[in-house]
Amino acid sequence: MRIEQLKKEYIPALSEMEELCFGALAWTQSAFESELNKDDSLFLCAVEGDCILGCAALNNAAGQGFISKVMVAPNVRRRGIAKALMEQMSRLAKEKGMYELTLEVRASNTAAIALYDGLGFENLGTRRNFYRFPKEDAVIMTKQL
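Residues numbered from 1 in each chain as written. Predicted model: local features only at pLDDT ≥ 70, side-chain atom pairs only at ≥ 80, totals over all residues. Heavy atoms only, no water.

*Asks:* What's the story with the environment of G118 in this structure? I'm lost.
*Replies:* With respect to the element layout, G118 can be found in helix α4 (residues 110–118). When its relative accessible area of 64% is taken as the criterion, G118 is described as exposed. Spatially, the C-alpha atoms of G118 and K83 are 9.3 Å apart, while their sequence positions differ by 35 residues. (Helix = DSSP H or I, 4+ residues; strand = E, 2+ residues; numbered from the N terminus. Buried < 20%, exposed > 50% of the residue type's maximum accessible area, 1.4 Å probe, protein only.)

*Asks:* What is the right way to read the pairing of strand β6 (residues 122–131) from this model?
*Replies:* Two faces, one strand: in a regular strand the side chains alternate between the faces of the sheet. Sheet analysis places β6 next to strand β7 (residues 136–144), joined by six bridges and oriented antiparallel. Following the sheet pairing, T126 is matched in β7 by V139. What sits between the antiparallel neighbours β6 and β7 is a turn of four residues, in which F133 has the positive phi angle 55 degrees. (Pairing = 2+ DSSP bridges.)

*Asks:* Mind showing me how you'd approach unusual backbone geometry here?
*Replies:* As a rule of thumb, non-glycine residues mostly have phi less than zero, and peptide bonds are mostly trans rather than cis. Positive phi, normally seen in glycine, also occurs at A62, with a value near 55 degrees. Structurally, the position occupied by A62 is in the loop between β3 (51–61) and β4 (64–72). A residue is classified by how much of its surface remains accessible, and A62, at 78% relative accessible area, is exposed. Positioned with a positive phi, N129 is a non-glycine residue whose angle comes to about 50 degrees. The exposure class assigned to N129 is partly exposed, which follows from its relative accessible area of 46%.

Rendered as structure tokens:
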């Protein structure tokens, strides 16, 4: 497995994975395309052969990195893909001068919360009813770089 920057040819596979993982809340292909040329973002993909296994997206706002997406295809979960994406994201964010990473995760997503905790993220609190379909609280997590 290798971690690479988003490429245009990855977008159709990411869009299909997005629909599978997030249904009604899925990003469109144009949303992925808009990430291609942003100076203030990082968008990483986990790739094996010609298969896209997952991705992670981050936007930089004056040194604070906000992670807007971490996604791994359901059939390859529990293989360390999200961890590899997050570790590389942290390294690159630090290299780009960011001092902090923040994300929100569904309160019921205990596997992701445990992963982020193991990577040094701290629980800052809860955003009530942050998610829709189904309605659910978000746990806010942050990590100093």
